[in-house]
Amino acid sequence: MNFIKSYFQLDKYKTNVKIEFLAGLTTFISMSYILFVNPSVLGASGMDKGAVFTATALASALGTAIMGIVANYPIGEAPALGINAFFAYTVCVGMHVSWETALAAVFVASIIFILITMFKLREKIINAIPADLKFAISSGIGLFIAFLGMQDGGLIVANKSTLVGLGSLHDPAVWITIFGLIVTVVLMILNVPGAIFIGMILAAIFGVVTGQIPLPTKIVSVAPSIAPSFGQAIFHVKDINTLQMWVVVLTFLLVTFFDTAGTLIGLAQQAGFMKDNKMPRVGKALASDSTAMMVGSVLGTSPVGAFVESSAGIAVGGRTGLTAVFVAIFFLISMIFSPLLGLFTTHVTAPALIIVGVLMAQNTAHIQWDKMEIAVPAFLILIGMPLTYSISDGLALGLITYPICMVAAKRVKEVTPMMWILFFVFIVFLWVLNF
């Protein structure tokens, strides 16, 4: 126990094993939906859903463990939403690329990822982003998470006339979200430790009592075989031999690069890790991230990256890599206890995401709103992330307009060379996505 306290520096971060365990459990429950969503999405590409389930659990466990042990950050890793849809529907279904070749593209992108991480290019980019925009990124991710939560909980639904609208209160499942949200808010106002986690437990019980969540028929089940997808990424690297496939590799690289950078900045800001506008141990965090992406592709899943739902565990008090280690353990356990995960539906986890959104949005208070050259790019990041449903797209809107606004304000000397590079990179990024 003393070794654990010393290695993860629990006393320095004013935490303990109990808090880290609770934070890890909260983060895992908030992330666990990916175990079921990822096989469903990647299944559209023709992949074996059972193999994807196991690959998702293993890649998430390994990536998260590396993040915790190497970088000492309470951040969970898993196959990212959005990019998995790009993998399945755009690359495999739309471009008629086999899923084996698509995995090879992820593998090649991850190798490039590791190389640019070794040369500290990602680290330089993260450290070069101005403090105001870092606060905007953190807050924007908060709005995005809250939007996800309200959507998952049925509070917001698609609307043909207005794109989105209020969900139906006649849907009994929506009341699980409403109940969980009210309970969690009350517990947090009363400063009850572990309020978010307790709220999820009570919401799950509410769902079972009202008949909206069925009790599992069994507790333990054998994990499906990973054989159908394991190693296919390496065997098909030779297929990356056309301009189209290199565009696919570039897209995997850019989206994962900026999604992860934005997520890491936001989570580090939320946890109070930022010092002098720099993220401590950022090199180790980025190395953990890129390694997880490579391992995930070999196991048989779309790009793995830092998960925004880690903010739920941070909100509970998780501050060290021990939180991540617990998350990794829960992912491994989940492979045999998968029937129990069915109790924690998206309606149950939705309140946690909404509350985390509230907590992260508090960083807007630190943005210089009285200066238009700062306010405009910051606002575009804030509003762009939820409305484009993409962290990287929101980043693009803000980082493209930032140098333009600074030039207009006659503050061009304050724009660093790296921010000008990002200006052009994001223009290319948007062009590649649309191309």
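None of these values were measured; they are calculated from a predicted model.

**With respect to the packing of helix 5 (residues 83-94) against helix 12 (residues 243-271)**
Part 1 of the argument: Running from amino to carboxyl end, helix 5 crosses helix 12 at an angle of 160 degrees, the nearest separation of the two axes being 11 Å. In terms of their interaxial angle, helix 5 and helix 12 are classed as roughly antiparallel. Between helix 5 and helix 12 lies a crossing of right-handed hand. Between helix 5, through Ile83, Phe86, Phe87 and Val91, and helix 12, the contact on the second element is made entirely by Val248, Thr251, Phe252, Val255 and Thr256.
Part 2 of the argument: Considered class by class, the residues forming the contact of helix 5 with helix 12 number 7 nonpolar, 2 polar and no charged.

**Considering the packing of aromatic side chains**
Part 1 of the argument: Under the criterion given, the structure shown has 14 aromatic pairs.
Part 2 of the argument: Summarising the aromatic geometry, the rings of Phe28 and Phe331 are spaced 5.1 Å apart at their centres and angled 90 degrees between planes, so their arrangement reads as edge-to-face. One end of the pair, Phe28, is in helix 2 (residues 17-31); the other, Phe331, is in helix 15 (residues 321-334), and 303 residues separate them in sequence.
Part 3 of the argument: You can call Phe331 buried: its relative accessible area is 0%.
Part 4 of the argument: In this structure an aromatic cluster arises from ring pairing among Phe21, Phe28, Phe326, Phe330 and Phe331.

**Details of the nonpolar core**
Part 1 of the argument: Grouped together as the largest cluster of nonpolar side chains are 128 residues, with contacts concentrated most on Phe87, Phe252 and Phe426.
Part 2 of the argument: Broken down by element, the residue count for this core peaks at 15 residues, all from helix 12.
Part 3 of the argument: When neighbours within four sequence positions are excluded, Phe87 is seen to be in contact with Leu42, Ser45, Met47, Cys92, Trp99, Ala102, Leu103, Val106, Phe252 and Ser302.
Part 4 of the argument: Grouped together as the second largest cluster of nonpolar side chains are 6 residues, Ala55, Ala59, Ala292 and Val304 included.

**What to know about the environment of Val192**
Part 1 of the argument: The residue Val192 is located in the loop between helix 9 (172-189) and helix 10 (195-209) in this model.
Part 2 of the argument: Looking at Val192, the relative accessible area reads 29%, which means it is partly exposed.
Part 3 of the argument: Taking the C-alpha atoms as reference points, Val192 and Glu77, separated by 115 residues in sequence, lie 28 Å from one another.
Part 4 of the argument: Leaving out residues up to four positions away in the same chain, Val192 has contacts with Leu187 and Ile198.

**A look at empty space enclosed by the protein**
Sizing a probe to match a water molecule and rolling it over the atoms shows the empty space that remains.
Part 1 of the argument: As enumerated under the stated definition, the model contains 1 cavity of 30 Å³ or more in all.
Part 2 of the argument: A volume near 50 Å³ is recorded for the largest cavity.
Part 3 of the argument: Ile125, Ile129, Phe258, Ala261, Gly262, Ile265, Leu395, Leu399, Leu422 and Phe426 together form the lining of the largest cavity.
Part 4 of the argument: Elements represented by at least two residues in the lining of the largest cavity include exactly helix 12, helix 19 (391-408) and helix 20 (417-434).
Part 5 of the argument: Per-element accounting of the lining of the largest cavity gives the leading share, 4 residues, to helix 12.
Part 6 of the argument: Here the lining of the largest cavity is built from residues that sort into 9 nonpolar, 1 polar and no charged.

Criteria and thresholds
Residues numbered from 1 in each chain as written. Predicted model: local features only at pLDDT ≥ 70, side-chain atom pairs only at ≥ 80, totals over all residues. Heavy atoms only, no water. Axes fitted to C-alpha atoms, helices over the stretch in contact; angles between N-to-C directions. Helix = DSSP H or I, 4+ residues; strand = E, 2+ residues; numbered from the N terminus. Parallel < 35°, antiparallel > 145°, perpendicular 65-115°, else oblique. Left-handed = near helix turned anticlockwise from the far one by under 90°. Contact = heavy atoms within 4.5 Å. Nonpolar A, V, L, I, M, F, W, Y, C, P; charged D, E, K, R; others polar. Phe/Tyr/Trp six-rings, centres within 6.5 Å; stacked < 30°, edge-to-face > 60°. Buried < 20%, exposed > 50% of the residue type's maximum accessible area, 1.4 Å probe, protein only. Core = buried A, V, L, I, M, F, W, Y, C linked by side-chain atoms within 4.5 Å. 1 Å grid on protein atoms, 1.4 Å probe; cavity = no way out; pocket = protein on both sides within 12 Å on 5 of 7 lines; lining within 4 Å. Points joined across faces, edges and corners; volume = space filled by probe spheres on them.

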